[in-house]
Amino acid sequence: MIRALFKYSFLLLSIISAVGLGISRAIPNINPFEQSIIGILGLLTPVLALINLFFIFFWLITRKYFFMLIPFSAIVISWKVFSVLMGGHYFCTQDFSTPGHFSFASYNVRLLDLYHWSGKPDTRNQMIDYFRKLNPSILCLQEFYNGNDSVGIDNLRAIREACGYEYAAECPVNENKRGKWGHVIFSHYPIIDQQGHDIDARGNNLLQQADILINQDTISVFNLHLKSNRFDAAETQFVTTGETKNNSKDAFSKTKAIYSKLERSSINRGLEATQVSKLVSKSKHPVIICGDLNDIPSSYVYFKIRNQLQDVFLKKGKGLGATFNQRIPLLRIDYIFCSEKIHVKAFRIDPETFSDHFPLIANFEMSKYK
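Keep in mind that what you see is a predicted model, and the values were worked out from it rather than measured. (Residues numbered from 1 in each chain as written. Predicted model: local features only at pLDDT ≥ 70, side-chain atom pairs only at ≥ 80, totals over all residues. Heavy atoms only, no water.)

**Here we look at the sheet that holds strand β9 (residues 287-292)**
Where we set the bar: At least two DSSP bridges between two strands are needed for those strands to be called paired. Elements are defined by DSSP. Helices are runs of H or I of four residues or more, strands are runs of E of two residues or more, and each kind is numbered from the N terminus.
The mixed open sheet is built from six strands, whose spatial order is β6-β7-β8-β9-β12-β10. Strands with a single pairing partner mark the edges of an open sheet, and in this sheet they are β6 (191-198) and β10 (310-311). Note: β6 against strand β7 (residues 206-214), seven bridges, orientation antiparallel. By the bridge assignment, I191 is partnered in β7 with I212.

**Looking at the pattern of salt bridges**
Stated formally: Definition used for salt bridges: Asp or Glu carboxyl oxygen within 4 Å of a side-chain nitrogen of Lys or Arg. Only protein chains enter the accessibility calculation, which uses a 1.4 Å probe. A residue is then buried if its area is under 20% of the maximum for its type, exposed if over 50%, and partly exposed in between.
This structure, assessed with the given rule, holds 10 salt bridges. Between K180 and E170 there is a salt bridge; the shortest N-O distance is 3.8 Å. Remark: E170 occurs in strand β4 (residues 167-175) and K180 occurs in strand β5 (residues 179-187); sequence separation between them is 10 residues. The class for K180 is partly exposed, based on a relative accessible area of 23%.

**Topic: the nonpolar core**
Rules: By nonpolar core we mean a set of buried residues, namely Ala, Val, Leu, Ile, Met, Phe, Trp, Tyr and Cys, connected to one another through side-chain atoms within 4.5 Å. We call two residues in contact when some of their heavy atoms are within 4.5 Å.
Among the nonpolar cores identified, the biggest contains 48 residues, and F102, I212, I219, I305, I336 and F364 are the most heavily contacted of them. Once residues within four sequence positions are removed from consideration, I336 is found in contact with F104, S106, I288, I289, C290, Q310, D311, V312, F347, L360, A362 and F364. Grouped together as the second largest cluster of nonpolar side chains are 21 residues, L112, L139, A158 and I361 included.

**What to know about the packing of aromatic side chains**
Applicable threshold: For Phe, Tyr and Trp, where Trp contributes only its six-membered ring, two rings pair if their centres lie within 6.5 Å, and the inter-plane angle classes them as stacked under 30 degrees, edge-to-face over 60, or tilted in between. Any Lys NZ or Arg CZ that is within 6 Å of a ring centre and within 35 degrees of that ring's normal is treated as a charge sitting over the ring.
Taken as a whole, this structure holds 25 aromatic pairs when the rule is applied. With centroids separated by 5.8 Å and ring planes inclined at 50°, the aromatic side chains of Y130 and F131 adopt a geometry described as tilted. Accessibility classification places Y130 together with F131 in one group, the buried group. Aromatic side chains F144 and F186 sit 6.2 Å apart centroid to centroid with 80° between the ring planes, which places their arrangement in the edge-to-face category. With F144 in strand β3 (residues 138-147) and F186 in strand β5, this pair connects stretches of sequence that are 42 residues apart. Taking relative accessible area as the criterion, F144 reaches 3% and is therefore assigned buried. A relative accessible area of 0% places F186 in the buried class. Aromatic ring contacts, followed pair by pair, group F10, F54, F55, F58, W59, F66 and F67 into a single cluster. Here R348 stacks its cationic end above the ring of F96, 4.8 Å away from the centre of that ring.

**Focus: unusual backbone geometry**
Note: most residues except glycine have negative phi, and most peptide bonds are trans. Its identity is not glycine, yet E143 carries a phi of approximately 50°, on the positive side. Here E143 is to be found in strand β3. The exposure class of E143 is partly exposed, given its relative accessible area of 27%. In the Ramachandran plot, N307 falls in the positive-phi region, its phi being about 55° despite a non-glycine side chain. If you trace the backbone, N307 turns up in the loop between α10 (300-306) and β10.

Have a look at this one:
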């Protein structure tokens, strides 16, 4: 009796997790603005995938081969969403050589530690020294702060002087007497045009575009930072540890607040992603999109912005490709996408801890065939 109860309980759990993973197949096609539950389901997809993989091995070990078809079918159905979660290039050649190539870096710099989140006094200088040593052909930064001439810190000048950048394009999302907050693109190649596109229907956010001339080719670089979930310290601790200072009532309250924030931010990002996709599709040149999407690969945002572009991580990356350097581990929320006409020669994620994100480094080569 107990054995049968155990088997059918596991069977029920297997069916529920398989149905959940199977439904995730709809994520790329449904904007969270239309169905907010899609945004939450995207966050649950990696967990559901792991549960279904567990059940495949569980039914295999227990020799219930027919039951294996349940999780296996769910993985096949959801493969489009499931397959973007990991990179498998553990032994591929990473060509970071420079002849005929151009290097590219994208990094959420967290205002270059303006408010001393790192707790270390020299983080800003260490970050600028890192840029000096890396010195990519094109450097895209998000959450960038630059002080005005009379007030604040001139990070723009510091990085240009450290790396010898002749060209730079600013895209301030917010500005006051102290300085500017937003995105910036540095380049050793000529920036022949630049503009900021409004992408936020519920607030203030810009998509930065810079057209850059690389030898005889022009590419459009899009630099962006989508809305974050804005968890406070107590909510972040609850997400990572499940601990609260008080009782179960407090846990319920935090769960409700976290769900509300996740729902609201996923709707906002869904709207932003739709705008970004429309703007990028109008480009007359090959494109590179980079930045902090604040969403994992199994999300509408990822598929909408990537569209038909290459995910540079999937072309040359390995493992889960975590880019978020905080208590919530293993999250890939920063990306570089590019057109097929731009060949991906190399990619890596540097384990630098100056910010709450890791920098993404790539090496590209323009196609010889137009």
